[in-house]
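# Coordinate inspection notes
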Number of protein chains: 2
Amino acid sequence: MISETKTYQTIVIGAGSGGMTVAIGLAGLGRRVAMIEGKFIGGDCTNVGCVPSKTLIHLVNDRDVELPSQSVLVEVQTKRNQLRDRETVEVEHMENLDLIWGKARFLAPKRLEVTQPDGSLLELSADNIVIATGSRPRHMDIAGLPTERMLTNESLFEIEDAPRHLVIVGSGVIAMEMAFAFRKLGSQVSVITRGGRVMSSAISEAAEALHTALTERDIAVYYNAKPQSYDEATNTLHILTNGVPATIEGADRVLLAVGRVRNIDTLNLEQAGVAFDDKDGIKIDSYGQTNVPGIYAIGDVTPTSHFTHSANAQGRRVVQKIAFPFLPASSPEPFYPSATFSDPEVARVGLTPEQIAERYHPKMVKRLRVELSALDRGYTDGVTTGFIIVDAVRLTGRILAVTIVGPRASEILSFFTLAITEKISLYKIYRLVYPYPTFSGGIQKVADAFMRETLPNLKAEILNYIRYRFVAPPRQSGQKAGARLPQA
Amino acid sequence: MISETKTYQTIVIGAGSGGMTVAIGLAGLGRRVAMIEGKFIGGDCTNVGCVPSKTLIHLVNDRDVELPSQSVLVEVQTKRNQLRDRETVEVEHMENLDLIWGKARFLAPKRLEVTQPDGSLLELSADNIVIATGSRPRHMDIAGLPTERMLTNESLFEIEDAPRHLVIVGSGVIAMEMAFAFRKLGSQVSVITRGGRVMSSAISEAAEALHTALTERDIAVYYNAKPQSYDEATNTLHILTNGVPATIEGADRVLLAVGRVRNIDTLNLEQAGVAFDDKDGIKIDSYGQTNVPGIYAIGDVTPTSHFTHSANAQGRRVVQKIAFPFLPASSPEPFYPSATFSDPEVARVGLTPEQIAERYHPKMVKRLRVELSALDRGYTDGVTTGFIIVDAVRLTGRILAVTIVGPRASEILSFFTLAITEKISLYKIYRLVYPYPTFSGGIQKVADAFMRETLPNLKAEILNYIRYRFVAPPRQSGQKAGARLPQA
């Protein structure tokens, strides 16, 4: 039974970081906005993602904090709850913004029905609807594993005692961050991953560095592995690794970090005519516009990278598009960096290896690699694992992609986001002065290496450039479709 | 008595970071080089500066290292000695490079006399002579203070027990870094400084932040203060602070960090006709050339900033000039960043406040300030002190100067060195995506603030720009001469 109908300029579905960016941004500009949320203000980031995980990572790393593991976990919850409360109050008191608790589904392209917590229905309509419902952890059945021993990122930060032995299934961002954090908290940690390496989204050199670091911390990694069953009596997880059965003893908690499922199944997208598919989610243009005029999508429901900063950046572009529709659509889609707060950190920006292979003949691309251990800062800080890897166009020194593995990689990365976006070549980067002794001083060594490999062979480099400049790259096997590549 | 005469393409006086950069660079390019050193390979940086201090700072910060304070100090020495030995072997085995131990003085513009350790004399001549003799700590007499209780950066890393109470005289880079490091090592620390603030070379906001941080760590700071006398029987240092006598009890060590003296007094520069003065040292152009053709100077003996990376950068430019004299002299002098590894770190790049005041009418400049505590990373990491301050030209968004105070400031800074050098405005910086949650994410908030303060007042901003663009800034009282300002 429909109790009420309300009309807005914009309705945002989902109060995560992306949705909040749009709702607060448009309300601040005087637009009448509704934001619909089924669970928590702040979404995954505030509640079960970045904020609790980075608080935990900080607490286990900072020498100024010396807390027993239980207090650390309580402190993580306290800080998380404080931020959630603050954000909730902010949203509730924001002018022009109605916060509506409930679950939304499309009735028509510009009309939604919301099922409220008390079961009553609400009908809303708007000129613009922004889908920002995010994603949830993918589940997996493990025979014999009781629910209370199984964790995902949604329940991980509710536990109040560090596991004695935490088994992590998966090897992506969440898996890597939590493996190091819980190890430092005192838990024994084992990682089991389906593939032959960790972090399949990063270059293989990053996976090798992480493998080294995991091993150095006595974190067991099982490759080509999957869980089979769990024996509650003995806390034993039975797995297959490389086709061979193995057992992980004393495993009192199992964290599933095996990917994400987009929250689009209950939205009734078909009713609105919004195009999506199982692989990429909701299809959008560079301004977050779906195929249906006035319907936008941002964050995890789209094919763009699944990071808070990506959702925010998309949200900012949607605000621009809705608030200033006649602004020139000149600005191309930005480069979305990625950062994993493992130890060492892994940070990346630019084209993927597949994108480079699609666009450039291999003879056009040079890989430059500087080890952090070769830097004086690496020496003083005892850093043995880590590097800066830059893929650049030969001769021109144009940067295509960067991966940094090491301490503060996430903070150093934006230098390269700026260089790639503004097309600043390694010749110009060579001329800068970097503070000593820093890890970012390695940027200079990357530019030095480029100069050293280019200048003495200038004639050959020019001939190579002329020869391969317009030669199509050889077709890759298993090449991805590349429908929404960022611009080079 | 002269035993031998040798001729080189280039002679480098001093084997510190600057001198090594030139000697190894030119020898690597096949030039015949001599490097003269009176003490240690690696200079201050390796032996009594960056390397031992950053090793110490790392050891007292990293939670993975849990050593008693004595072991920390021994480890600092061990790592320092290993690096010194490695660098010495490298230099000794370098082709085309003669390492000559001794003290050099000019006999003529292209001729040097070296007094060797055994007292014998050596005469050397070369087409190019590079003065890279660095600096030494300024001394100060404190009545009653025995030599063994007085430290400078040259003796600090020889001690094997943490002082019970370390008094630091001075409040520059060395003073601030060591205050936090020894406090964390367990010493009581007191700082006494001549002026009304710490770190006179930084903007006052940085001094305020450091004051807060020092106080939070129970480091006493005495302003407008100077040491008067020391009473050995009671380990009491008597000082005057704001004209009032005070005592610092139990002060078993006093570290003098009251500035540097250039090592140019025994070089016999007058004989070579090299121009210098007491205030700025040896006068050079942007390629390190002195007034005498073929004589260069780099590093601490010049007026350029006294950092290892500055000496290195100058050294690289001297190598270019000597090895490729016909290269166009197009490249302007780079911006020299500075970094202090206190806790919080302080990092700066761009024009000084005096330079901005000389070149821009106050109405043309906007100051943007973002608190790190307002960032989500600041929240998760419990950061209460720290900021990014950007001085930019109004309307155009061109960046003039940046100071960052906070964790990893030294690593974030190079983003701005690139932006300032390549004249990338805040409008372009606004469009980038920054990894979340990071401190460098604060860069986005700086750009947001600029947009928020500029776009809604565009008409007024344009009028202001037109009005003040060519208005000379009012004359500052106590303005510096500005003979060697970096380009804006």
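This text follows the structure it describes.
The structure presented is a predicted model; accordingly, all values stated were derived computationally and were not measured.

## Brief notes about the pairing of strand S4 (residues 103–108) of chain B
Residues and elements named next belong to chain B. Taken together, the five bridges between S4 and strand S5 (residues 111–115) define a ladder with antiparallel strand orientation. Looking at S5, one finds that Ala104 is bridged to Val114. Hairpin connection of S4 to S5: two residues between the antiparallel strands.

## A word on unusual backbone geometry
In this structure, the amide linkage connecting A:Tyr436 to the following residue, A:Pro437, adopts the cis form with an omega of -10°. Residue position: A:Pro437 is located in the loop between helix H13 (426–430) and helix H14 (442–454). B:Asp343 connects to B:Pro344 through a cis peptide bond whose omega is 10°. With respect to the helices and strands, the residue B:Pro344 is situated in the loop between strand S20 (338–340) and strand S21 (345–350). Backbone geometry places A:Leu395, a non-glycine residue, at a positive phi of 70°. Considering the arrangement of structural elements, one finds A:Leu395 in the loop between strand S23 (387–393) and strand S24 (399–406). Backbone geometry places B:Asn268, a non-glycine residue, at a positive phi of 65°. Within the secondary structure layout, B:Asn268 lies in the loop between strand S16 (260–262) and helix H8 (269–272).

## Let's talk about the interface of chain A and chain B
At the interface, 65 residues of chain A touch 64 residues of chain B. The junction of chain A with chain B conceals about 5800 Å² of combined surface from both sides, 55% of it contributed by carbon and sulfur atoms. Here A:Lys428 ties to B:Glu422 by a salt bridge, and the two come within 3.6 Å at their closest N and O atoms. Our enumeration of links across chain A and chain B arrives at 14 residue pairs in polar contact (both at pLDDT 80 or more).

## Some points on the relation of the copies chain A and chain B
Superposing the two chain copies requires a rotation about an axis and a translation along that axis. For the pair chain A and chain B, the best superposition has an RMSD of 0.0 Å and corresponds to a rotation of 180° with a translation of 0.0 Å parallel to the axis. Viewed as a symmetry operation, the transformation between the two copies matches a two-fold axis. When you check the interface residues of chain A against chain B, 98% turn up at the interface there too, and the contact is symmetric in its surfaces.

## Some words on the packing of aromatic side chains
Residues and elements named next belong to chain A. Here the structure, examined in full by the defined rule, presents six aromatic pairs over all chains. For the ring pair Phe415 and Phe416, a centre distance of 5.3 Å and an interplane angle of 80° mean the geometry is edge-to-face. Here Phe416 falls in the buried class, since its relative accessible area comes to 0%. Ring centres of Tyr427 and Phe450 lie 5.2 Å apart, and the angle between their planes is 85°; this geometry places the pair in the edge-to-face category. Remark: Phe450 occurs in helix H14 and Tyr427 occurs in helix H13; sequence separation between them is 23 residues.

## Examining helix H4 (residues 69–92) of chain B
A rise of 1.5 Å per residue sets the reference length of H4(B), with its 24 residues, at 34 Å; its end C-alpha atoms lie 35 Å apart and thus fit the reference within 8%. Every buried residue of H4(B) is listed here: B:Val72, B:Leu73, B:Val76, B:Gln77, B:Lys79, B:Arg80, B:Leu83, B:Arg84, B:Glu87, B:Thr88 and B:Val91.

## Observations concerning the pattern of salt bridges
Counted according to the given criterion, the structure contains 48 salt bridges over all chains. A:Arg377 is the salt-bridge partner of A:Asp381, the closest N and O atoms lying 3.2 Å from each other. On the basis of relative accessibility, which here comes to 8%, the residue A:Asp381 falls in the buried class. Under the relative-accessibility criterion, A:Arg377 is labelled buried at 3%. A salt bridge links B:Arg149 to B:Glu232; the nearest nitrogen and oxygen atoms lie 3.0 Å apart. Placement of B:Arg149 in the loop between strand S7 (135–137) and strand S8 (150–151) and of B:Glu232 in the loop between strand S12 (225–231) and strand S13 (236–241) is noted, with a sequence separation of 83 residues between them. According to the relative accessible area criterion, B:Glu232 is partly exposed, its value standing at 35%. Salt bridges here are not isolated pairs; linked through shared partners, they connect A:Arg377, A:Asp381, A:Arg408 and B:Glu411.

## Let's talk about a nonpolar patch on the surface
All names here are of chain A. A surface patch of nonpolar side chains, about 450 Å² in accessible area, is lined by Leu455, Leu458, Ile462, Leu463 and Ile466. Along the polypeptide, Ile462 turns up in helix H15 (residues 458–468). Under the relative-accessibility criterion, Ile462 is labelled partly exposed at 37%.

## Quick look at the sheet that holds strand S8 (residues 150–151) of chain A
Each strand in a sheet pairs with its neighbour through backbone hydrogen bonds, running either in the same direction (parallel) or in the opposite one (antiparallel). Residues and elements named next belong to chain A. If you trace the five strands from one edge of the open sheet to the other, you get S8-S15-S9-S10-S11, paired in parallel fashion. In this open sheet, the two edge strands, each paired with only one partner strand, are S8 and strand S11 (220–222). With five bridges connecting them, strand S9 (residues 165–169) and strand S10 (residues 188–192) associate as parallel partners. The residue of S10 that forms the bridge with Leu166 is Val189. On top of the sheet, helix H6 (residues 173–185) reaches S9, S10 and strand S15 (253–256); it is set at about 160° to S10, its chief contact.

## Looking at the state of the cysteines
Residues and elements named next belong to chain A. One pass over the full model with this rule turns up zero disulfides over all chains. Just so you know, Cys45 is unpaired, no disulfide at all, and the nearest cysteine sulfur is the one on Cys50, 3.1 Å from it. With a relative accessible area of 6%, Cys45 lands in the buried category.

## Looking at the nonpolar core
The biggest cluster of nonpolar side chains holds 85 residues, and the ones touching the most others in it are A:Phe416, A:Ile429, B:Phe416 and B:Ile429. Setting aside residues up to four positions removed in sequence, A:Phe416 forms contacts with A:Val349, A:Ile388, A:Val390, A:Ile399, A:Val402, A:Ile404 and A:Ile443.

## Overview of the sheet that holds strand S15 (residues 253–256) of chain B
All names here are of chain B. Read from one edge of the open sheet, five strands run S8-S15-S9-S10-S11, paired in parallel fashion. Edge positions in the sheet fall to S8 and strand S11 (220–222), since each has one partner strand and no second. In this sheet, S15 lies alongside S8 in parallel orientation, the contact comprising two bridges. Across the sheet, the residue bridging to Leu151 is Leu255, located in S15.

## A few points about H6(A)
Residues and elements named next belong to chain A. The end-to-end C-alpha distance of H6, which contains 13 residues, comes to 18 Å, matching closely the 18 Å that a straight helix rising 1.5 Å per residue would cover. For H6, every residue scored as buried is listed here: Ala175, Met176, Glu177, Met178, Ala179, Phe180, Ala181, Phe182 and Leu185. Following H6 by one or two positions, Gly186 adopts a phi angle in the positive range, close to 115°.

## Quick notes on the side chain of A:Arg316
Topologically, A:Arg316 is positioned in helix H9 (residues 308–323). Beyond its immediate sequence surroundings of up to four residues, A:Arg316 is in contact with A:Thr21, B:Tyr430, B:Gln444 and B:Asp448.

What counts and what doesn't
- Residues numbered from 1 in each chain as written.
- Chains lettered and ligands numbered in written order.
- Predicted model: local features only at pLDDT ≥ 70, side-chain atom pairs only at ≥ 80, totals over all residues.
- Heavy atoms only, no water.
- Pairing = 2+ DSSP bridges.
- Helix = DSSP H or I, 4+ residues; strand = E, 2+ residues; numbered from the N terminus.
- Contact = heavy atoms within 4.5 Å.
- Buried area = accessible area lost by both parts, 1.4 Å probe.
- Salt bridge = Lys/Arg side-chain N within 4 Å of Asp/Glu carboxyl O.
- Polar contact = N/O pair within 3.5 Å; in protein donor to acceptor, adjacent residues only side chain to side chain.
- Least-squares fit on C-alpha atoms with pLDDT ≥ 70 in both.
- Phe/Tyr/Trp six-rings, centres within 6.5 Å; stacked < 30°, edge-to-face > 60°.
- Buried < 20%, exposed > 50% of the residue type's maximum accessible area, 1.4 Å probe, protein only.
- Expected span 1.5 Å × (residues − 1).
- Patch = residues over 30% accessible without salt bridge, like charges linked within 9 Å, V, L, I, M, F, W, Y side chains within 5 Å.
- Areas by Shrake-Rupley, 256 points an atom, 1.4 Å probe, with all protein chains shown as cover.
- Axes fitted to C-alpha atoms, helices over the stretch in contact; angles between N-to-C directions.
- Disulfide = S-S within 2.5 Å.
- Core = buried A, V, L, I, M, F, W, Y, C linked by side-chain atoms within 4.5 Å.

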